[in-house]
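Next come the chains, spelled out residue by residue.
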Amino acid sequence: MSKLRLLFEKQGTACYISHLDLMRTFQRLFLRAGIFLKHSNGFHPHPIISIVLPLPVGQSSCCELLDFEIEQAVDLAALPALLNAGCPEGLRVLRAYEAVRPVKDLAFVQAEMDLIYDRGVPEGACAALRDLFSRQELMIQKKNKRKELVDVNVRPLLRQITFARQEGRVHVQAVVSAQNPGLNPALLASAVEANLPDYAPDFVTVRRTDVLDESGTSFR
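Note that residues are indexed from 1 along each chain, following the sequence as it is written. Only residues with pLDDT of at least 70 get local features here, since the model is predicted, and only at 80 or more are side-chain atom pairs given and counted; chain-wide, interface and lining totals rely on the full set of residues. Heavy atoms throughout the structure, all of them, feed into the side-chain values; hydrogens and water do not.

### Remarks on the overall build of the protein
No. 1: Regarding its fold elements, the protein presents four helices and 10 strands.
No. 2: Each principal axis of the C-alpha distribution contributes one length, and for the protein these read about 60 × 30 × 30 Å.
No. 3: Evaluated residue by residue, the protein yields a buried proportion of 44% over its 220 residues.
No. 4: Here the protein displays about 11900 Å² of accessible surface, and carbon together with sulfur accounts for 50% of that area.
No. 5: In this tally, Lys and Arg are treated as positive and Asp and Glu as negative; His is ignored, and so are the chain termini. A single reference atom marks each charge: NZ on Lys, CZ on Arg, CG on Asp, CD on Glu. Across the protein, the mean location of the 26 positive side-chain charges is 4 Å away from that of the 25 negative side-chain charges. Under the DSSP-based scheme used, a helix requires at least four consecutive residues in state H or I and a strand at least two consecutive residues in state E, with every element numbered from the N terminus. The buried label goes to any residue with under 20% of its type's maximum accessible area, the exposed label to any with over 50%, and the partly exposed label to all in between, with areas taken from a 1.4 Å probe on protein chains only. Every accessible area reported is derived by Shrake-Rupley at a probe size of 1.4 Å, with residue values counting cover from the shown protein chains alone.

### Points about helix α1 (residues 19-32)
No. 1: The span one expects for a helix is its residue count, reduced by one, times 1.5 Å. Between its terminal C-alpha atoms α1 stretches 20 Å, which fits the 20 Å expected from 14 residues at 1.5 Å a residue.
No. 2: Regarding α1, the residues found buried are L22, M23, T25, F26, L29 and F30. Looking straight down α1, one finds that the buried residues subtend no more than 160° of arc, so they occupy a single side. Residues of α1 that are exposed and angled more than 90 degrees away from the buried face: L20, L31 and R32.
No. 3: The contact definition used throughout considers only heavy atoms, calling two residues in contact when any of these lie within 4.5 Å. Residues of α1 that are buried in the fold lie against β1 (4-10), β2 (49-52), β3 (60-68), α2 (79-84) and β4 (91-98). By definition, the arc is the one covered by directions from the helix axis to the C-beta atoms.

### A closer look at helix α4 (residues 186-195)
No. 1: Taken together, the buried positions of α4 are occupied by L187, L188, A189, A191 and V192.
No. 2: Tucked inside the fold, the buried residues of α4 contact β5 (108-116), α3 (125-133), β6 (139-143), β8 (158-166), β9 (169-177) and β10 (203-212).

### A few points about unusual backbone geometry
No. 1: Cis geometry marks the peptide bond from N180 to P181, where omega comes out at -5°.
No. 2: By secondary structure assignment, the location of P181 is in the loop between β9 and α4.
No. 3: A positive phi angle, near 55°, is found at L53, a position not held by glycine.
No. 4: Within the secondary structure layout, L53 lies in the loop between β2 and β3.
No. 5: Residues other than glycine seldom take positive phi values, yet N180 does so here, at roughly 60°.

Printed below as a string of C-alpha cells:
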C-alpha cells in the first residue's frame, strides 16, 4: 500500500506529550487497532512512521500530520475511529487518506497566539507591537541544531501578523515559515520580550491552526 497520512489534533493535556512519546503512542494505537506498520530493512528495523513538522511541547494544534505505511489493506474511512478508541485525552485523529503531496510542498504554518497580561493589557500595546514587527530587521536568539545560541533575523520568516486587543490579552494571528528554515511562533513572543520589555506578556499560549503550501492553500 502507498504512503498514508493522518490528520490529527493535539489539545489540552496532550500538548505536553513530547515528540518521541507521541511517536510511541501512535505505534501502540496501531497495534491495539490490529494494524501492523511496515518496518525498514536492515539489522535494526524500525516502523515507517513520521510526524510532519513536529509540534513544540506545550503548543496545541488542530492540523497535525502523520505519515505511515502499513502491511495490510485498511478502510481509511474507518481508521480514525479505530485509533481514537485508544487515544489519550486531547489526542484525536480527524481523517486518514493517501499521502499524495510531498512534505517539501509544506511552506508555512498558520498560528494564533495569546499574549496574556495578569494586570491587563498595557496602554498602546497593539500599536507598539505593530511597529516592532514592521521593522525590516528583527533579531532574536535561538538555538541551532548544535544547541548553540545564535542571532537570527525573524522578519524574513514572518509572512503575515495581526494584533487584536482583548480582555487581559493581545490576540495574535501569524503565518510563519514552516521549514528550511522554520520559525517557532513562540519566538515572536521572545522578540517582544527582548525589544519591548514594557509590553512583555506574563504568559503565552500558541495554537497551530493550519499548515499551508506556497500559495497559502491548506497542505494535506
